[in-house]
Amino acid sequence: MTDREEREGRSVVPIGVLVSGSGTNLQAILDATEESGFPASVAVVISNRRDAFGLERARRAGIPAVWVPHRGKDRAAFETALVAVLQEHGVEWVFLAGFMRILTGLFLNAFPDRVINIHPALLPAFPGVNAQGQAHDYGVRISGVTVHFVDEGTDTGPIVAQGAAPILPTDDATQVQQRLLRLEHELLPKVVKWAAEGRLNVIGRKVEVRLPEGDSHTLWLDG
Ligand code: GRF
């Protein structure tokens, strides 16, 4: 039992978070796990990049922060190392929060229907890298973010929740990214909570979400 579990007299679900960059989505999860009664805790944070600030965020929160380099390893060795660290920490769910490596069946089979990613676009629009920039360059009027289960494709897994926001003609790419990050920071911790509470059920291409009273799997940001 963690200290908080003893304090609150209940078990929380241990999760792992994988990052490659600044880790603001990780920070949103960390902040949420501090709320009384939150049903999950971050057991370990892993990055493929030693200098990822997300690792520093974990250290500051007193959470194991592990660098697993991908360079010099073939994909199978890298994913085997990731799985080993996650299993050592008893992780039951894995969240990709700005993790910039593709994961194959080797990793996904270790956590079947338990790996979730956040993507800064309304999938299936704009998969892959720089989704915010793709949307900005395309000239869309609305874009958003998608929280989805990870399958072996690129951002193609079953969708849990989406948030949308306007893209203004005056926006530059950075303003688009900042607005979408606000959506991400609100949506991802909610999905972590739903996952830990056993509310998610993958049925083929779709996800059945047993929503808490008054909650929604869509989010609208006016601007
Ligand atoms: C987020 O926009 C996420 O959707 C994308 O990369 C960014 C990561 O941001 N995959 P951070 O590292 O969580 O700040």
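This text follows the structure it describes.
Quick caveat, the model's predicted, so the values are computed rather than measured. (Residues numbered from 1 in each chain as written. Predicted model: local features only at pLDDT ≥ 70, side-chain atom pairs only at ≥ 80, totals over all residues. Heavy atoms only, no water.)

Asks: Talk me through the site of the ligand; I want residue IDs and the actual numbers.
Replies: In the vicinity of the ligand, the residues found are Gly21, Ser22, Gly23, Thr24, Asn25, Gly98, Ile118, Pro120, Gln132, Leu181 and Glu184. Here glutamate 184 contributes a side-chain N or O atom positioned 2.7 Å from an oxygen atom of the ligand. Its free accessible area being 360 Å², the ligand has 88% of it covered by the protein chains. Class assignment of the residues belonging to the shell around the ligand gives a composition of three nonpolar, seven polar and one charged. Taken together, domain 1 (1-112) and domain 2 (118-223) each give at least three residues to the shell around the ligand, which thus spans both. (Near = heavy atom within 4 Å. Polar contact = N/O pair within 3.5 Å; in protein donor to acceptor, adjacent residues only side chain to side chain. Areas by Shrake-Rupley, 256 points an atom, 1.4 Å probe, with all protein chains shown as cover. Nonpolar A, V, L, I, M, F, W, Y, C, P; charged D, E, K, R; others polar. Domains from an automatic or database assignment.)

Asks: How would you summarise the nonpolar core if you had to cite specific residues and measurements?
Replies: The biggest cluster of nonpolar side chains holds 47 residues, and the ones touching the most others in it are Ile15, Val17, Val45, Trp93, Val160 and Leu200. Top element by residues in this core is helix α7 (residues 173-196). It accounts for ten residues. Formed jointly, this core draws a minimum of three residues from each of two domains, domain 1 (1-112) and domain 2 (118-223). Dropping the residues within four chain positions of it, valine 45 is found in contact with Val17, Val19, Leu26, Gly54, Leu55, Ala58, Ile63, Pro64, Ala65 and Val66. Residues Val85, Val91, Leu96 and Val115 belong to the second largest nonpolar core, which totals 20 residues. (Core = buried A, V, L, I, M, F, W, Y, C linked by side-chain atoms within 4.5 Å. Buried < 20%, exposed > 50% of the residue type's maximum accessible area, 1.4 Å probe, protein only. Helix = DSSP H or I, 4+ residues; strand = E, 2+ residues; numbered from the N terminus. Contact = heavy atoms within 4.5 Å.)

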